Amino acid sequence: MLVDAAEECCFTDPDGCLQLTLPALARAERGNQIGAVIILSSFAAWASFDQGRVSEAVSRIERAVQLCRQLADDYWLGRLLTGLGWFLANLDDHQAAVQCYEEALQHRSAADDMRGKAATINNLAMSTRWIPGRFARSAELASEAAQLFAAVGDERNEALALSNRAEILLQAARTEGHDSQAARACQLELAQQAARQAVDSADRVGWTQVTIDARRHLAATLIEVGAIGDASVVVDELGRLLPQEGLPNQWSEYLTLRARLCRMRGDLPRAIELLKEAADNCARLSRPLHEHAGVHEELVVALESAHRFEEALAALRQYYAFILGVRDRATGQRMEVLANRLDVERLTNAARELGNQAQELRLLNQELASQALTDPLTHLDNRRSFDAVLAQSLACDQPFALLMVDVDDFKLINDSFSHLVGDAVLHELASLLRQAVRGGDTVFRLGGDEFTVVLPRAGLTAAMVTKGRIQDAVASHNWAQIANGLSVSVTVGAADRMLNDTAASFLRRVDLALLSSKQRVRRGSERQRNAHPATAAR
């Protein structure tokens, strides 16, 4: 049958799939055969996605979802919404993807489609990890998916879910803040156990693609814990498997793993050579952003270790330029999706066209405005955003306070350790500030080493409490993990709103408070030196 042939080739031969489905889809639409339109649109969407036409794929599958809602078909709604979530995840819109997956789960459950439910949960796990603070939930979802696949006898996808869980746990160990080295070690131990379980499962079912993925996660975990010998064995296995299977997409991550081993052994020239090859491979194959990030991050570390600081800075700049390019492309694709949605809306419901168009354009403007109001280094809101929030706060008849945070002797940090280290300090400080402030407070980077915090519905007392938390967090932080011998301190000025304050008068008082704090610290240091002249002489 045509449907069976189209389903069989939609992932392996997208061109052939479209040649089969598009004429049949046109006939089904003319005959108002809604069920056939839904199924054929789904296959055409996946074929378009495999051809790299993501916005077209989104439009096709959204149209199918719209028709499927009319039929109230839980099986196909679950299947289509899972596909739509996957497409949106590939546009890095993970919040929207998670919403699709969660709705899909309701329909999968209603249709008693346990295997489909497991597949949706597996995808949900992989998108949830990109939402801040959701690593633990993401790992739980991957475990749940593996258990469901096992319950329905799908050992191949069980191995895939286990491999995904290992990847999530490893990412959590690398990126989450940990209270101690022991906590991080515990997280890495969990990741290592999960990776070994995934390797065993993938080897048992003979799915080489997942075998390679699981071994990559295992090798990376072993490297993180410093087990260089064991990691080398696993990386050598990858080196033998990849050429045999012809998987160029995996080559960059393999080269990065081998480069990390070379760096840990002190062979920096070879590590740098491998990483440059990996970066070229990523660019040639248009690999995802997180793969580029891993390669360039390791390349910068290797170049810095080799004291090739100019090259390290150039690599970092190249990476930032790449990120901006990816964001531009993603924005363009999302704009295409929005434009296609508008076209569909015109065809299906002209009466609602203007309202929907205005809403979609507002969403697009909000997204573009968000990009314009964000500092690219720290991902905090920038000075433009702060000015708008300050003006809005002053226009309301509500109390609020400001904190001005300044890094002490930041120029000395740049001069002594490099501007790369200075950037890393600012990035880390931004994270500490987010954690130290209250839930409703907003942190901004004004520029350079200056940050500010807006505290709604707060007086000077509350501001001073938050100021203390910030200074304690900075003082207790392990800055040596960025560079040996590095120490960082900040000075914080605080002020609350006064009657008839303008933006200029409020900022002037906060600046004066910051200056006064700096002078107090300086006088305290002088008194300490005078009290201990021998220490000062040394």
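Cut-off values and rules
Residues numbered from 1 in each chain as written. Predicted model: local features only at pLDDT ≥ 70, side-chain atom pairs only at ≥ 80, totals over all residues. Heavy atoms only, no water. Helix = DSSP H or I, 4+ residues; strand = E, 2+ residues; numbered from the N terminus. Expected span 1.5 Å × (residues − 1). Buried < 20%, exposed > 50% of the residue type's maximum accessible area, 1.4 Å probe, protein only. Contact = heavy atoms within 4.5 Å. Axes fitted to C-alpha atoms, helices over the stretch in contact; angles between N-to-C directions. Parallel < 35°, antiparallel > 145°, perpendicular 65-115°, else oblique. Left-handed = near helix turned anticlockwise from the far one by under 90°. Core = buried A, V, L, I, M, F, W, Y, C linked by side-chain atoms within 4.5 Å. Arc of directions from axis to C-beta. Pairing = 2+ DSSP bridges. Phe/Tyr/Trp six-rings, centres within 6.5 Å; stacked < 30°, edge-to-face > 60°. Salt bridge = Lys/Arg side-chain N within 4 Å of Asp/Glu carboxyl O. Nonpolar A, V, L, I, M, F, W, Y, C, P; charged D, E, K, R; others polar.

### With respect to helix α7 (residues 114–128)
Across its 15 residues, α7 extends 20 Å between first and last C-alpha, which sits within 8% of the 21 Å expected from 1.5 Å per residue. With 11 of 15 residues buried, α7 lies mostly within the body of the structure. Next to the buried residues of α7 lie α5 (74–90), α6 (94–110), α8 (135–151) and α9 (155–175).

### Remarks on the packing of helix α3 (residues 34–50) against α5
Where α3 meets α5, the axes come as close as 11 Å, and the angle between the chain directions of the two elements is 20°. In this view, α3 runs roughly parallel relative to α5, as classed from their interaxial angle. α5 is crossed by α3, and the crossing has left-handed handedness. Contacts between α3 and α5 involve Ile38, Ile39, Ser42, Phe43, Ala45, Trp46 and Phe49 on the former and, on the latter, Trp76, Arg79, Leu80, Gly83, Trp86, Phe87 and Asn90.

### Considering the nonpolar core
Core analysis: the biggest nonpolar cluster contains 96 residues, and Ile38, Leu80, Phe87, Ile168 and Leu257 have the highest contact counts within it. If near-sequence neighbours (up to four positions away) are discounted, Leu257 is found in contact with Arg216, Ala219, Ala220, Ile223, Val235 and Leu238. By size, the runner-up hydrophobic cluster in this structure holds 32 residues, among which are Phe410, Val421, Leu455 and Trp479.

### Concerning helix α19 (residues 410–417)
Considered for burial, the residues of α19 that qualify are Phe410, Ile413 and Asn414. For α19, the buried positions fall inside an angular range of 95° around the axis, keeping them on one side. Structural note: α19 exposes Lys411, Leu412 and Asp415 on the side pointing more than 90 degrees away from its buried face. Considering only its buried residues, α19 is in contact with β1 (400–407) and α20 (419–436). Phi turns positive one or two residues past the end of α19, at Ser418, with a value near 110°.

### Section: the sheet that holds strand β4 (residues 490–496)
One open sheet accounts for 4 strands, arranged β2-β3-β1-β4; its pairing is antiparallel. Strands at the two margins of the open sheet, each flanked by one partner only, are β2 (442–447) and β4. Looking at each pair of strands side by side, their axes are set apart by 20° on average, direction ignored. Looking at chain direction, β1 and β4 are connected through 7 bridges and run antiparallel. In the sheet register, Val405 faces β4, and the bridge partner there is Val492. Each of β1, β2 and β3 (450–456) touches helix α18 (residues 383–395); the most contacted strand, β2, lies at about 125° to it.

### Considering the packing of aromatic side chains
Two numbers describe a pair of aromatic rings. These are the distance of the centres and the angle of the planes. Going through the model one piece at a time under the given rule, you end up with 7 aromatic pairs. Where Trp46 meets Phe87, the ring centres are 4.8 Å apart and the plane angle is 65°; that geometry is what we call edge-to-face. With a gap of 41 residues between them, Trp46 in helix α3 and Phe87 in helix α5 connect regions that are remote in the sequence. Classification of Phe87 by relative accessible area gives buried; the value is 0%. Ring geometry for Phe49 versus Phe87: centroids 4.9 Å apart, planes at 25°, classification stacked.

### Some thoughts on the pattern of salt bridges
One pass over the full model with this rule turns up 25 salt bridges. Measuring nitrogen to oxygen at the nearest pair gives 2.1 Å for the salt bridge that ties Glu253 to Arg216. Of this pair, Glu253 sits in helix α13 (residues 251–265) while Arg216 sits in helix α11 (residues 208–224), and the two are 37 residues apart along the sequence. The partner of Arg383 in a salt bridge is Asp387, with the nearest N and O atoms 2.9 Å apart. Note that Arg383 and Asp387 are positioned in helix α18 at a spacing of 4 residues, about one turn of the helix.

### What about the environment of Val425?
Tracing the sequence through the fold places Val425 in helix α20. The exposure class assigned to Val425 is buried, which follows from its relative accessible area of 0%. With residues up to four places along the chain from it excluded, the contact list for Val425 reads Phe410, Ile413, Trp479, Ile482, Leu486 and Val488.

### Notes on the side chain of Asp213
With respect to the element layout, Asp213 can be found in helix α11. What Asp213 contacts, discounting residues up to four positions off in sequence, is Ser163 and Gln250.

### A word on unusual backbone geometry
Positive phi values are uncommon outside glycine, yet His379 reaches one of about 65°. On the basis of relative accessibility, which here comes to 44%, the residue His379 falls in the partly exposed class. Despite not being glycine, Asp409 shows a phi value in the positive range, around 50°. One can find Asp409 in the loop between β1 and α19.

### Comments concerning the environment of Phe410
On the secondary structure map, Phe410 appears in helix α19. The exposure class assigned to Phe410 is buried, which follows from its relative accessible area of 12%. Note: C-alpha distance between Phe410 and Ser489 (79 residues apart in sequence) is 9.3 Å. Contacts of Phe410, omitting those with residues within four sequence positions, involve Gly422, Val425, Leu426 and Asp449.

### Section: the pairing of β2
Alignment of β2 against β3, held across 5 bridges, turns out to be antiparallel. Following the sheet pairing, Thr442 is matched in β3 by Val454. As consecutive antiparallel partners, β2 and β3 are separated by 2 residues, and within that stretch Gly448 has a phi angle of approximately 60°, a positive value.

### Regarding the environment of Gly226
Here Gly226 is to be found in the loop between α11 and α12 (228–245). A C-alpha to C-alpha distance of 8.7 Å links Gly226 and Met264, two positions 38 residues apart in sequence.

### Examining the packing of α9 against α11
For the pair α9 and α11, interaxial distance at closest approach is 9 Å and the crossing angle is 25°. The angle between the axes of α9 and α11 places the two elements in the roughly parallel class. Crossing handedness for the pair α9 and α11: left-handed. Every residue of α11 that contacts α9 at Ala159, Leu160, Ser163, Ala166, Glu167, Leu170 and Arg174 is listed here: Val210, Asp213, Ala214, His217, Ala220, Thr221 and Glu224. Considered class by class, the residues forming the contact of α9 with α11 number 7 nonpolar, 3 polar and 4 charged.

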